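Secondary and tertiary structure notes
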Amino acid sequence: MTSAILSAINILTKPLGDGPAKDVQSSHQDALVAALQANRALLLQQLHSDSSFKEVLRLREEVLAEEDWFSSATEDTTWGFVQECLLLFLTLARHLSVELELFNQTPPPSAAKQRTPEMAPPLPPDVFSVSQQKTLGAALQFVVSLGLCPYLAPGVGVPLGCRSAFGAMVEKLVCGGGAVLRRRRLLITTSVLLKLAELSSLATLVFTRHLGDVMAALCQLGYQPQRAEEGSTEEKIQELTAEERRTCKEALKSLLGKVYQPIVIKELLILQGGPKQAAAVGVSGGSSSRTALGSAPAWLRRLCGQLLSERLTQPNGVQAVVRAILGGGTGGESDWKKCECVARILVTCPQQSASADSYYRQVCPQILDLLHFKDKLTAQQFQRVATRAALSMVQEKPSFAQQHLLAPLLAPLHRCNTASGDGPTQVAVEEWELTRCVEDVYKIWVVGNSPSASLLKALEEVLPVIFTLFCFTKQNVSHLRAPCQEILLWYLSHSETSAAMSALKQLSGLQGEKKSEVAADFHFTPGCDGGVRLCSRESCSDEDDALYEKLSGEQWRVECLMQLLAELKDSDLPGDFFLLLLQELTSWTAAEDEEQKDEEDLDVSAMTLVEVEQQLLGRAERRGQRLALLQVLAMMVESLQHTVLLRKNTQVVDFLVSLLQRACVGLDHTTGPGLGNPVESETLSMGIGLVATLLSGPQLSAEDYSSMSRLLPPLETLSQKHSDAVIQELASNLRSVIATHGAYRPENLTTAAAAQPHRNPETTAKNNNVSLKKKQKIRTAAKPSEAAPHSSPTDSNSHSNNKIRHPASSEASTARETPEGGGRTSATSEPRPPAKSFSECLLEACDPDVPTRAFALRVLTQMVQHRNPEAVQAQEKVLMLFLENVEHEDTFVYLSAIQGLAALADSYPERILERLLKDFQLGPSLPTSNTERSLETRLKVGEVLMRASRAMGELASHLGRPLVGVFLQGTRDPDQSVRASSLSNLGELCQRLDYSLGTLAQELSSCLTALIKTEKEAEVRRAAVHVITLLLRGLSDKTTQVLRDVLLDLYRALKWVVCSDPDDVAVLHAQLALEELDDVMRRFIFPEQKLEKKIVVLP
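Residues numbered from 1 in each chain as written. Predicted model: local features only at pLDDT ≥ 70, side-chain atom pairs only at ≥ 80, totals over all residues. Heavy atoms only, no water.

Scanning the chain from N- to C-terminus turns up 52 helices and 3 strands. Counting over 1099 residues, the chain shows a buried share of 46%. Sequence separation of 24 or more characterises 73% of the internal contacts of the chain that already satisfy a separation of 6 or more. Accessible surface, the chain as shown: approximately 56600 Å² in total, 53% of it carbon and sulfur. (Helix = DSSP H or I, 4+ residues; strand = E, 2+ residues; numbered from the N terminus. Buried < 20%, exposed > 50% of the residue type's maximum accessible area, 1.4 Å probe, protein only. Contact = heavy atoms within 4.5 Å. Areas by Shrake-Rupley, 256 points an atom, 1.4 Å probe, with all protein chains shown as cover.)

The following block contains the structure:
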């Protein structure tokens, strides 16, 4: 039956060439009309004559009896054709409805018995084949083109002429008729199509291609204003009734609610039409409906606007709008423009909305939901829209944005401050809430990157919580660390300088208000998915533990803040913050004197207990703030490079102003800063030397002198009030140079700065007397010509020694300090050649002052490396000096001595290595050596030998034989540290011996195997296994040749460690060695195939 109905429909839609109409027509329109007439006549003939269409004819008559709109006497060929199509559609729909009802009620029993799990379910009767769908699609296209679109009012929907050439011909073909008749025919066609859509299979065919046309027809039938028109009585009877218009409105509402919303929104946008100017613009070859959109009537534009607003404010409406406009985007430039357009649409409150507050209350949560999609491409597009919409809303509607957008977005962070323990659970903020909140803030603030006052203010309120969260993630593994850091850096980079300074003081704990902490009795804990959650804290009963936890937490916060400032490499903010803290330190130094005077004048007896308590608490709080300030300053100096702290000359000048002002504060004391506080004296000398260095620059501009003019008041104070005459004179000279912009420049400006004392003279004299004898001994060994310019030993406790020690304390700290000892480099990246003579360096290498001695040792090391003639002649003295300093207890000194011995061994290996090997075997041989620290000295000499082994290179095969013997003997030493050191040195040396190791392979293998299996100390076993690893790594592809006799023994020893050794570290070393051996054997068994040809030239 279904196939018969579809055959009848096929007769109607059959092309002209296959029909009986064979006359040649004069035009395409005549040919189409003739085809429609011929196909309709053929259908009626077949229905009445062919027995296979008997049931179709019966059902058609039943439908015809129920429908009163059919007119058999119409003279309009096209409308008559459309009527026949509609009748056959209704016939098909009735038949399928009956078949579906029977199918659902009584499934075939035989099929149910024979059904197996592998069988497909039976097909319902409304499933069409591809050819059948093609037939129905052609018929629907005829119905819409001939019976629906021609009767739409101008401006409603997309005209047929803009769709195709066939559509333009159809527009001319359809008879005009009166307005009433056109509306009636439009209602008939639309009603039939809606009846067809009640069946899901037919609804798919109707709405996938003709949804926009059906929506346009329903809009016109239900909402087009009707004008009072004069006409016949029959026309008035055919006018649409109020009931019919109400039915069309309900049908439109129902249709919009059922169909996929992005498609509905897209069709409504098309119905709304283009701008009014588009009506006057002609479009040629219009295959694109968007480019051909004309101006829609005012009533239709208002209706579409209202419907679009309803779609937007319903649940998931924003998402539907975004999908409708951005559907299928690829992320190109056009998509960016579309995102901007969608954002503008979302931010603008529609006129049809009841109130702006209700609109934003419904839309803003949906905008935030756009940030949470997981699909990569969709998430990228939605994030663009949400970010632009949020930023535009913050700029244009700040009050609504704060209430409905920013407040819900930042709510989890605000709850971290206001959490209370009254809830039923221990978790105040869940992990997913914090993760989503931080990610949303990162997307809008950092990725959006459109700073405004509202955004900065909103972020400032939760910045302490984000910083606390960042500090917690730095102690754990969490994916929130990077976004938190980027958010903090974004705020510090884009906020005003004053706001950034205030935030830094708050985060560092220098402000009285402690907003930085989360709610009391709560703390962050790791989440299950790599995030963080806020939980209640268990109370700590021990006060000492609580105090330690508090202090360590504050220390860690300051360290994390320094790490943030270190990331601001191209910003002046770290330097400005450093200078601000220095200014506060200066003001507190001045305030401290006033507080001491007030305390002396305070009469405690006249105060009440409450007043005394408040006085004591206030004093303790001020001292605590000063300690916190000193802690932050110390951390900044220790953690940040000078290139970050003082990037510009103006910041250097500000630093000097603060330094000199702080020096001027103590000038009123009776003792004076130069005598009472050596640290302040050193600091003042360094500051004056730095000012002199700045003024001795090559070319200073007027701006430089203008910035230095702030140094004039403190320099004048120093020149008048300081107790040291030299400092007074130098301050006066510097002040004159700055005031005259360099016109007056004394000749001894730089030398006077270099000759300034850097330590308390009394302390200097006391320290010099300790090593006076040793200095005299070295001075007598030096050349008289070299020692002549210096003062005699009897006068060494005064001004001359200050001159000698100055390069280590002044030049090294300002211009020549190298980073090897942990110091910070200055303007020059590499140390310059030493300016002092060789004898001066020898004297300073015996100085009791640690920095002076260490610097002199490093200068001597450079002389040895550069083959200084004096150092070459006195290499024995230099060796003795280095060996003495190796025994020094200070790390800075003995590491410098180790470096010097390594340089000596590299330059004169045969003589130096012999002496070092003797000391490593038997202990230090110097008369002044401390026998109680012999073991420590041997280990230091072992470090020298290891560095020398690394520096040998190709000479290892020639120079390494004595070292191998000593190291093998050292593996039998009673002390485990010496055994481990010997093995470590042996590994470094053996991996450089190559083929010369072959004669020692058996001895080496026996030693290592015995140590691995018999040694009790885990540290020594680890070192033995590590030797094998280094050996295999150094020999690489030569392993199978050099170690062919002992390779199996080494392999078995490694396997024994993996299977039997109780030490996990030794097992790990063995596994690494086995991996090296595995790589070697794989390359040996399966050599790399090289695609090359060998060309042999025959004689």
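Moving on, there is more to tell.
Let us look at helix α2 (residues 28–49). The end-to-end C-alpha distance of α2 is 31 Å, a good match for the 32 Å that 22 residues give at a rise of 1.5 Å each. Considered for burial, the residues of α2 that qualify are Ala-31, Leu-32, Val-33, Ala-34, Ala-35, Leu-36, Ala-38, Asn-39, Arg-40, Leu-42, Leu-43 and Leu-47. Looking at the buried side of α2, the elements it contacts are α1 (2–12), α3 (54–66), α4 (77–105), α6 (130–147) and α7 (165–173). (Expected span 1.5 Å × (residues − 1).)

This part is about the pairing of strand β3 (residues 532–536). In this structure, strand β1 (residues 427–429) lies alongside β3, joined through 2 bridges in antiparallel fashion. Residue pairing across strands places Val-427 opposite Cys-535, the latter belonging to β3. Bridge count for strand β2 (residues 522–526) against β3 is 5 bridges, and the pairing is antiparallel. Its bridge partner being in β3, Phe-524 is matched across the sheet by Leu-534. Linking two consecutive strands that pair antiparallel, namely β2 and β3, is a turn of 5 residues; a positive phi of about 85 degrees is found at Gly-530 within it. (Pairing = 2+ DSSP bridges.)

A word on a nonpolar patch on the surface. Together, Phe-1084, Ile-1085 and Phe-1086 give the surface a local cluster of nonpolar side chains, amounting to about 370 Å² of exposed area. On the secondary structure map, Phe-1084 appears in helix α52 (residues 1064–1085). Residue classification places Phe-1084 among the exposed positions, given a relative accessible area of 52%. (Patch = residues over 30% accessible without salt bridge, like charges linked within 9 Å, V, L, I, M, F, W, Y side chains within 5 Å. Salt bridge = Lys/Arg side-chain N within 4 Å of Asp/Glu carboxyl O.)

Note that side chains of opposite charge can pair when their charged atoms are close. Evaluation of the coordinates by the stated rule reveals 19 salt bridges. Here Arg-40 and Glu-84 are joined by a salt bridge, their closest N and O atoms 3.7 Å apart. One end of the pair, Arg-40, is in helix α2; the other, Glu-84, is in helix α4, with 44 residues separating them in the sequence. There is no split in this pair, since Arg-40 and Glu-84 are both buried. We note a salt bridge from Lys-505 to Glu-584, for which the minimum N-O separation is 2.6 Å. Of this pair, Lys-505 sits in helix α23 (residues 497–507) while Glu-584 sits in helix α25 (residues 573–601), placing them 79 residues apart in sequence. Of the two residues examined, Lys-505 and Glu-584, each falls in the buried class.

Moving on, we get to the side chain of Thr-13. Along the chain, Thr-13 turns up in the loop between α1 and α2. Among the residues examined, Thr-13 registers a relative accessible area of 12% and is labelled buried. Discounting chain neighbours no more than four positions away, the residues touching Thr-13 are Asn-39, Ala-138, Ala-139 and Phe-142.

A few words on the sheet that holds β2. Strand order in the open sheet formed by 3 strands is β1-β3-β2, with antiparallel pairing between adjacent strands. With one partner strand each, in any of the chains shown, β1 and β2 form the two edges of the open sheet. Looking at each pair of strands side by side, their axes are set apart by 45 degrees on average, direction ignored. Where helix α20 (residues 431–447) meets the sheet, it contacts β1, β2 and β3, and its direction lies at approximately 130 degrees from that of β3. (Axes fitted to C-alpha atoms, helices over the stretch in contact; angles between N-to-C directions.)

For the rest of this paragraph, the subject is helix α19 (residues 411–418). Those residues of α19 that sit buried are Pro-412, Leu-413 and Cys-416. All buried residues of α19 fall inside an arc of 105 degrees around its axis, so they share one side. (Arc of directions from axis to C-beta.)

Right, let's get into the environment of Leu-1000. In this fold, Leu-1000 is placed in the loop between α47 (976–990) and α48 (1001–1014). Look at Leu-1000 and you get buried, because its relative accessible area is 14%. Non-local contacts of Leu-1000, meaning those with residues more than four positions away in its chain, are made with Arg-961 and Val-964.

Within the largest apolar cluster, 214 residues are counted, with the highest numbers of intra-cluster contacts made by Leu-202, Trp-445, Leu-459, Phe-524, Met-636 and Leu-711. Excluding its chain neighbours within four sequence positions, the residues that come into contact with Leu-711 are Val-653, Leu-656, Val-657, Leu-660, Val-691 and Ile-738. One finds Cys-841, Leu-983, Ile-1012 and Ala-1066 within the second-largest nonpolar core, a separate group that totals 82 residues. (Core = buried A, V, L, I, M, F, W, Y, C linked by side-chain atoms within 4.5 Å.)

Turning our attention to unusual backbone geometry. Phi angles above zero are rare outside glycine, and Asn-316 is one such case at about 60 degrees. Structurally, Asn-316 is set in the loop between α13 (298–313) and α14 (317–326). One non-glycine residue, Asn-449, lies in the positive phi region at around 50 degrees. Within the secondary structure layout, Asn-449 lies in the loop between α20 and α21 (453–474). We classify Asn-449 as partly exposed; its relative accessible area is 42%.

What follows covers the environment of Leu-997. Tracing the backbone shows Leu-997 in the loop between α47 and α48. Look at Leu-997 and you get buried, because its relative accessible area is 0%. Remark: the alpha-carbon pair of Leu-997 and Val-964, spanning 33 residues in sequence, is separated by 9.9 Å.

A word on the packing of aromatic side chains. All chains considered together, the criterion is met by 6 aromatic pairs. For the pair Phe-81 and Phe-142, a centre-to-centre distance of 5.5 Å together with 70 degrees between the ring planes defines the contact as edge-to-face. Taken together, the residues Phe-81 in helix α4 and Phe-142 in helix α6 connect sequence positions 61 residues apart. Measuring from ring centre to ring centre gives 5.2 Å for Tyr-359 and Tyr-360, while their planes differ by 70 degrees; the resulting arrangement is edge-to-face. (Phe/Tyr/Trp six-rings, centres within 6.5 Å; stacked < 30°, edge-to-face > 60°.)

Here we take up the packing of α4 against helix α8 (residues 179–196). Taken N-terminus to C-terminus, the directions of α4 and α8 make an angle of 25 degrees; their axes are 10 Å apart at the nearest point. Relative to α8, the element α4 lies roughly parallel. Between α4 and α8 the crossing geometry is left-handed. For the pair formed by α4 and α8, the contact residues are Trp-79, Val-82, Leu-86, Phe-89, Leu-90 and Ala-93 on the first element and Arg-185, Ile-188, Thr-189, Val-192, Lys-195 and Leu-196 on the second. Of the residues in the contact of α4 with α8, the class split is 9 nonpolar, 1 polar and 2 charged. (Parallel < 35°, antiparallel > 145°, perpendicular 65-115°, else oblique. Left-handed = near helix turned anticlockwise from the far one by under 90°. Nonpolar A, V, L, I, M, F, W, Y, C, P; charged D, E, K, R; others polar.)

The share of residues in the chain with pLDDT of 70 or more is 79%, and the mean pLDDT across the chain is 76. Taken as a whole, residues 752–834 scores under 50 in pLDDT and shows 119 contacts with residues more than four places along the chain or in a different chain. (pLDDT = per-residue confidence, 0-100.)

Let us now look at the packing of helix α17 (residues 376–396) against helix α18 (residues 398–409). At a minimum axis separation of 6 Å, α17 and α18 run at an interaxial angle of 135 degrees. Classified by the angle between their axes, α17 and α18 sit oblique to one another. Note on element contacts: α18 touches α17 through Pro-398, Phe-400, Ala-401, Leu-405 and Leu-406, opposite Ala-390, Met-393, Val-394, Gln-395 and Glu-396.

Moving on, we come to a negative patch on the surface. On the surface, Asp-542, Glu-543, Asp-544 and Asp-545 cluster together into a negatively charged patch. Assignment of secondary structure puts Glu-543 in helix α24 (residues 543–567). (Lys, Arg positive; Asp, Glu negative; His and termini not counted. Charge placed at Lys NZ, Arg CZ, Asp CG, Glu CD.)

Relative to the assigned elements, Arg-185 resides in helix α8. If we ignore the near neighbours within four places in the chain, the residues touching Arg-185 are Thr-74, Asp-76, Trp-79, Gly-147 and Tyr-151.

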